[in-house]
Amino acid sequence: MIRLLKAADRAAIPWKNGGGVTRDVIVSPAGATLENFDWRISIAEIASDGPFSTFPGIDRQLAVLHGKVALTIDGRPPVTLDPETPALDFPGEAAVASQLVDGPSMDLNVMTRRGRYNSRLSRLSSAQPKLKSSQVIVIAANSLIVISGNRVIAMAKLDALLIEGSASLTIGPKGADYYLIEVSALRPR
């Protein structure tokens with residue numbers, strides 16, 4: 001199954017500290033809250049410096065879509081992220097403080113419940129990505145055309161494509177950037 005999730009349909013949720021807003025791309029299971037989700041993908045607009053919310057028991061990945069931000073995690077030296085740097089992994093219970101560099105930033109967040117799910121977040125420009133998980137999400141960095149079988153899907157910037165099950169994709173135009181998120185359930189031991 002392939003489903004287009006339009007960026008224009010996402011509601012902005014203001015942060016409690018007033019430092020930005022978050023828009024959920026998708027939360028699993030549907031209707032889950034911040035306390036009981038299995039995995040969550042969101043896009044945040046950071047408007048001012050400040051602490052991140054903590055999420056005990058959650059593994060987090062963050063990629064910067066626009067701007068530049070320096071993150072201090074558990075008091076270690078800051079790590080500066082921009083659209084060209086790889087995604088940063090960190091535990092949800094870590095104390096994280098952000099400092100904007102040259103203005104606001106926008107980031108892509110992937111959160112998975114530790115011990116139940118894991119994820120991989122990559123920025124790609126490959127025309128035919130190798131899909132290895134049963135839950136895959138494509139986030140358009142710019143406008144994309146995705147072809148799967150006989151279906152042609154036009155994606156605007158920041159639209160998402162949820163792919164459940166196996167699928168073969170061709171993504172264009174050639175060299176277009178996008179984010180590929182693969183979410184996998186862990187097997188019980």
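Scroll up to find the structure this text is about.
Conventions and cut-offs
- Residues numbered from 1 in each chain as written.
- Predicted model: local features only at pLDDT ≥ 70, side-chain atom pairs only at ≥ 80, totals over all residues.
- Heavy atoms only, no water.
- Core = buried A, V, L, I, M, F, W, Y, C linked by side-chain atoms within 4.5 Å.
- Buried < 20%, exposed > 50% of the residue type's maximum accessible area, 1.4 Å probe, protein only.
- Helix = DSSP H or I, 4+ residues; strand = E, 2+ residues; numbered from the N terminus.
- Contact = heavy atoms within 4.5 Å.
- Pairing = 2+ DSSP bridges.
- Polar contact = N/O pair within 3.5 Å; in protein donor to acceptor, adjacent residues only side chain to side chain.
- 1 Å grid on protein atoms, 1.4 Å probe; cavity = no way out; pocket = protein on both sides within 12 Å on 5 of 7 lines; lining within 4 Å.
- Points joined across faces, edges and corners; volume = space filled by probe spheres on them.
- Nonpolar A, V, L, I, M, F, W, Y, C, P; charged D, E, K, R; others polar.

S.K.: What am I meant to see in the nonpolar core here?
M.R.: The tendency in soluble globular proteins is for nonpolar side chains to be buried side by side. With 23 residues, the main nonpolar core has Ile41, Leu108, Ile137 and Ile181 as its most contacted residues. Where this core is concerned, the elements lending two or more residues are strand 3 (20–28), strand 4 (39–46), strand 6 (58–66), strand 11 (105–113), strand 12 (117–124), strand 13 (135–140), strand 16 (160–164) and strand 18 (178–185). If we ignore the near neighbours within four places in the chain, the residues touching Leu108 are Ile41, Ser42, Ile43, Gln61, Leu62, Ala63, Leu65, Leu121, Ile139, Tyr179 and Ile181. Core analysis: the next-biggest nonpolar cluster, separate from the first, contains 15 residues, Val136, Met155, Leu169 and Ala176 among them.

S.K.: Which parts of the structure should I look at to understand the sheet that holds strand 7 (residues 69–73)?
M.R.: The strands making up a sheet associate through hydrogen bonds between their backbones, and the pairing can be parallel or antiparallel. The strand order across the open sheet built from four strands is 5-10-7-8, with neighbouring strands paired in antiparallel fashion. The open sheet has two edge strands, strand 5 (50–51) and strand 8 (79–81), and neither has a second partner. Where strand 7 lies against strand 8, three bridges are found, and the strand directions are antiparallel. Residue pairing for strand 8: Ala70 is matched across the bridge by Thr80.

S.K.: Even after reading the chapter, I still don't get the side chain of Arg113, so can you show me in this structure?
M.R.: Following the sequence through the fold, Arg113 ends up in strand 11. A polar side-chain atom of Arg113 sits 2.8 Å from the main-chain carbonyl oxygen of Phe37. The contact partners of Arg113, leaving out residues within four places of it in the chain, are Leu34, Glu35, Asn36, Phe37, Asp38, Pro56, Gly57 and Ile58.

S.K.: Which parts of the structure should I look at to understand unusual backbone geometry?
M.R.: For residues other than glycine, phi is negative in most cases, and the peptide bonds are mostly trans. Residue Pro29 is bonded to the preceding Ser28 through a cis peptide linkage, with omega at -5°. Relative to the elements of secondary structure, Pro29 occurs in the loop between strand 3 and strand 4. One non-glycine residue, Asp74, adopts positive backbone phi at about 50°. Within the element layout of this structure, Asp74 appears in the loop between strand 7 and strand 8.

S.K.: Explanation requested: the sheet that holds strand 9 (residues 88–91) in the structure shown.
M.R.: Taken in spatial order, the six strands line up as 2-3-4-11-6-9 in an open sheet, and their pairing is antiparallel. Both edges of this open sheet fall to strand 2 (13–14) and strand 9, since each of them pairs with a single strand only. In this structure, strand 4 lies alongside strand 11, joined through eight bridges in antiparallel fashion. Note on strand 11: the bridge partner recorded for Ser42 is Asn109.

S.K.: Sorry if this is basic, but what is going on with the layout of surface pockets here?
M.R.: Sizing a probe to match a water molecule and rolling it over the atoms shows the empty space that remains. When its volume is computed, the largest pocket comes out at roughly 660 Å³. Looking at the lining of the largest pocket, the elements with two or more residues in it are strand 2, strand 3, strand 4, strand 6 and strand 11. In terms of residue class, the lining of the largest pocket is made up of 15 nonpolar, seven polar and seven charged. The wall of the second largest pocket is formed by Leu65, His66, Met106, Arg123, Ala141, Asn142, Lys157, Leu158 and Tyr179. Class assignment of the residues belonging to the lining of the second largest pocket gives a composition of five nonpolar, two polar and two charged.

S.K.: What is the right way to read the pairing of strand 7 from this model?
M.R.: Taken residue by residue, a regular strand's side chains alternate between the two faces of the sheet. The buried fraction of strand 7 is high, at four of five residues. Count of turn residues in the strand 7/strand 8 antiparallel hairpin: five residues, of which Asp74 carries a positive phi of about 50°. Of the pairings in the sheet, the one linking strand 7 to strand 10 (residues 96–100) comprises five bridges and is antiparallel in character. Bridged to Ala70 within strand 10 is Gln99.

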